Amino acid sequence: YEERAELQGNADYVIDEKAKTSVLTEKGVSKAEKFFGVDNLTDSENFLLNHHINNALKAHGTMFRDQDYVVTNDNEVVIVDANTGRLMPGRRYSNGLHQAIEAKEGVEVAEESKTLATITFQNYFRMYKKLSGMTGTAMTEEDEFREIYKLDVISIPTNKPMIRKDLADSVYKTENGKYHAIIEQVKEIHATGQPILIGTISVEKSETLSALFNRAGIKHNVLNAKHHQREAEIVAQAGRLGAVTISTNMAGRGTDIMLGGNIEFMAKQEMRKQGYSEDLIEQANSHNITDDQEILDARKLFSELENKFENSIADEKQQVIASGGLYILGTERHESRRIDNQLRGRAGRQGDPGTSKFYLAFEDDLLRLFGGEKMDRVFESFGLGEDIEVDHPMLSKMIESAQRNMEGRNFSIRKNVLQYDDVMNQQRNLIYEQRRQVLDGKNVHQYFIKYIENMIQDAVSQYSMNSTNLDDWDMPGLITRLHYLLGDLKSINELKELSGHLSEEEISQKLMEDAENSLNAKAENLGSDEILFEAERYILLKTVDNYWMDHIDAMDRLRDSVGIRGYAQHDPVVEYKRDGFDMFEAMTHGIQEDCVRLMMRAKIDVESSAKYKNRPEKRNLQEGLKGGQKAIDLARMAAGEKSAQKMPSKAAPVTKKIMPGRNDPCWCGSGKKYKNCHLRSDQEKN
C-alpha cells in the first residue's frame, strides 16, 4: 500500500501504458466527488458519471492524436488503423469513448452510435465453408492459424532468388540520437542516388521525421493517412533514382515499388493529361473481352505508352539497380514481426537487389514497455552516449523476445475475445436465422400462434396459484394481464363469471380459440390473409431488431463486469455463458410478448379492401410497388406507428464527408473501389 501511495504521489490519475488503462487515484476520486457534488462516486446512482469520467481519462491518457486517430479538415475525429496506417472513415469507438475524444479535441460531439450487429473477425471468417489465404508474412502467426482456423501454413519458395540484404539493427540510447543517425545515414545513401523508403509506426512520427528532414535540407515525400490522396503517385515514384519517401504502414502492405519508376502509373497519368476518363483508363488496363472500339483504342494507346515509358526509364532502372536497389530504413520496431517483415518486403522483389535496416532507441514504446529493466542495465553497462550505435547479437535477441512477448499477449487477448464471442455466436445464429426467414418472405403466422399460446399458458400458470379451484386464482390480476396482451376478447371478460373447478388447460384452450378467431377476423376485415401475414412479418422483424440491439449492449456490459468474478475462483467465461443464456431466454420471452401484444391489440383499417381482395392476378411493376407499400404501411400501423411514410421514388443521395483511400469502398455506396469510381471527379473538384 505504501509503495502504491508513493507511486501515485500527488497525481489525480495513473496511466498504465502497457495495459492501456487510466484510473483515478484516491486523490482523484475525492476531487471528482467534490467537483460533481456527490458523496460516493462508486454508488450505483453515479454509474453514468463514473463511466463518463473513465472515458475522459482514456481519451486523455491512452488515445493520442495523429497516432490512434486524426482530426480532418472538416473537424471530424477519424480512427487510424494501427496495422495499415490508413484512415477508417465511418468507424467510431463505442461506449462513449469517441465522444470523449471529440470533446478533448474541441470538435462537435456527435451522437453516440448504437451497435446494430457485432461479430469477431475469427467467427466471421469461420462462416465460410472453404477458407484459405495467401500472404508473404504468415509464418510468424502459424500457431494462431492452426489453433483458431485449423489451417496449415505452407511456405512456398520465391519466384526468383531473394538477394536483399537484411542488416542487423542499430540501437541508440535516446530517440534524438536515433534520429540524428538516421539523417546522417539518409544523406550518405542519398548521395549515391539509391532510393530510400523510411518506415514509421504512426502519423505523428512520420511528420516529426519530415520536419527534421526539412531542417536538414533533404528533399522527400510523406505518405500517411493525411496524404492518402497522393498515395499512388508517391508509391509510383518511390523507386526512382534519388527518391526519399517517409511513410507509415500504408507503404508496407500491398504496394509494389518498381525500381526506376512505375510505367503503369506513368501511362495512366499521360492518359489523364490527354483527357481520358477514369473509367476508360481502368478499362484500358483490364483484360476482359470486349468489342467496344473506344476501349480497344484506349488499350492500344495504353500499351504504346507503357512501351514508351519502359524505354525511357530503362537507363534509370539500371542506375538504381547498380546503386543497390531500394533501401528500406525502419525507424522503430512494430509490436508484430509481421508488420516489420511487410516493410522489409518492399525491397528485393522479383530478384531485385535491396537493403533493409532498422534504427531503434531505448525510448521506443516496444523496448521501453516490453524490453524490461534487463535491457536498460545492458545499455548502462556500456556507458555510452546517445549518439553511439550499439550493435550486439544479445540486443537483437532481446528485441525479438520483446516482440514475441507482445505477439503472445495480443494473441491471448484475441483468443479471450473469441471465447466470449463463441457464446454470442450461438445466439447470433439463432436470431439471424429467424430474421433471414422473415426477410425471405416466409409466412410466420405459425410463430405468432405459438407465441400467443405460450403467453396465455404463462399468464394462466402465473395467476392460478397451482389450484384447480377458480376461487383461489388471482382473477383480477389474470384479467388485467390478458387484456394487456390480447386486447378486448370476449373470453377474457367471461372469466369474471366463472366459478367452481376448471383446469389451466381448459381455460387456456378457450382463450386460445378466441385469440385465433380474433386474428382470422382481422384477416377477413382486411380482405386478404396476405396483408395480415405482412404485418406479422414486419412486427416480428422490428421487435427482434430492437431487442437484439439492447441484448448486444447488455452482453457487452456483462463481459466488462464478469471478469471480477475470477477473484471468487469462478471461471469468467463459464459465468458469462450461464448469465448470457439467462439473458437470451429473457430476451426471447420479451420478443414473444411484444409480438403478441402488438399484433392482437393493433387496429388495422384498410380502405378499399375489396379492391385489394379482387385485384387482377397480373399487375405491372408500379401496381406491384403500390400493393407492397400498402402492406408495409398496414404493418407499420399494426406495430403502433402513428402514420406510414410513402415509398420514396428515388433514393436520397449519399453525402460525402471524408475522402476514402484509393482501394477503400467508394463513398457513393456503389460497392466499387474509390479509384474505380469517384476518385477522378473528386480530384477535379478539389
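Reading the values: the criteria
- Residues numbered from 1 in each chain as written.
- Predicted model: local features only at pLDDT ≥ 70, side-chain atom pairs only at ≥ 80, totals over all residues.
- Heavy atoms only, no water.
- Helix = DSSP H or I, 4+ residues; strand = E, 2+ residues; numbered from the N terminus.
- Buried < 20%, exposed > 50% of the residue type's maximum accessible area, 1.4 Å probe, protein only.
- Contact = heavy atoms within 4.5 Å.
- Areas by Shrake-Rupley, 256 points an atom, 1.4 Å probe, with all protein chains shown as cover.
- Lys, Arg positive; Asp, Glu negative; His and termini not counted.
- Salt bridge = Lys/Arg side-chain N within 4 Å of Asp/Glu carboxyl O.
- Core = buried A, V, L, I, M, F, W, Y, C linked by side-chain atoms within 4.5 Å.
- Axes fitted to C-alpha atoms, helices over the stretch in contact; angles between N-to-C directions.
- Parallel < 35°, antiparallel > 145°, perpendicular 65-115°, else oblique.
- Nonpolar A, V, L, I, M, F, W, Y, C, P; charged D, E, K, R; others polar.
- Phe/Tyr/Trp six-rings, centres within 6.5 Å; stacked < 30°, edge-to-face > 60°.
- Lys NZ or Arg CZ within 6 Å of the ring centre and 35° of its normal.

(A) Local environment of the overall build of the protein chain. Across its full length, the protein chain holds 26 helices and 11 strands. Residue burial in the protein chain is summarised as follows: out of 686 residues, 44% are buried. Restricting to contacts in the protein chain with at least 6 residues of sequence separation, those with at least 24 account for 68%. When the accessible surface of the protein chain is summed, it comes to about 38800 Å², and 49% of that surface belongs to carbon and sulfur atoms.

(B) Representation of the side chain of Glu-33 in the model. Mapped onto the secondary structure, Glu-33 falls in helix α2 (residues 26-36). Lacking a salt bridge, the buried Glu-33 has Lys-34 as its closest oppositely charged neighbour, with an N-O distance of 11 Å. Apart from the residues within four sequence positions on either side, Glu-33 is in contact with Val-38, Asp-39, Asn-40 and Leu-41.

(C) Layout of the nonpolar core. Counting residues in hydrophobic clusters, the biggest one holds 55 residues, and the most contacted among them are Ile-452, Leu-478, Leu-482, Leu-486, Leu-540, Tyr-576 and Met-600. Only α17 (393-439), α18 (445-463), α19 (475-486), α21 (504-526), α22 (529-562) and α23 (572-601) provide two or more residues apiece to this core. The leading source of residues in this core is α22, at 12 residues. Ignoring any residue separated from it by four or fewer positions in sequence, one finds Met-600 in contact with Ile-452, Leu-485, Leu-486, Leu-489, Ala-515, Ser-518, Leu-519 and Lys-522. One finds Ile-257, Val-320, Leu-326 and Val-390 within the second-largest nonpolar core, a separate group that totals 20 residues.

(D) View of the packing of α21 against α22. α22 packs onto α21 with a crossing angle of 120° between their chain directions and a minimal axis gap of 7 Å. Judged on the interaxial angle alone, α22 and α21 are oblique. Residues Leu-519, Lys-522, Ala-523 and Leu-526 of α21 pack against Asp-529, Ile-531, Leu-532 and Glu-536 of α22. Residue composition of the contact of α21 with α22, by class: five nonpolar, no polar and three charged.

(E) Representation of the packing of aromatic side chains within the structure. One pass over the structure, following the stated rule, counts 11 aromatic pairs. A ring pair is formed by Tyr-124 and Tyr-128, whose centres lie 5.9 Å apart and whose planes are at 85°; its orientation type is edge-to-face. When its relative accessible area of 48% is taken as the criterion, Tyr-128 is described as partly exposed. Ring centres of Tyr-432 and Trp-548 lie 6.2 Å apart, and the angle between their planes is 65°; this geometry places the pair in the edge-to-face category. Residue Tyr-432 is located in helix α17, and its partner Trp-548 is located in helix α22; the two are separated by 116 residues in the primary sequence. Here the aromatic residues Phe-121, Tyr-124, Phe-125, Tyr-128, Phe-145 and Tyr-149 are joined through ring pairs into a cluster of three or more. One Lys or Arg, Arg-333, reaches over the ring of Phe-358 and ends 4.6 Å from the middle of that ring. Above the plane of the ring of Tyr-359 lies Lys-357, whose end atom (NZ or CZ) is 5.7 Å from the centre.

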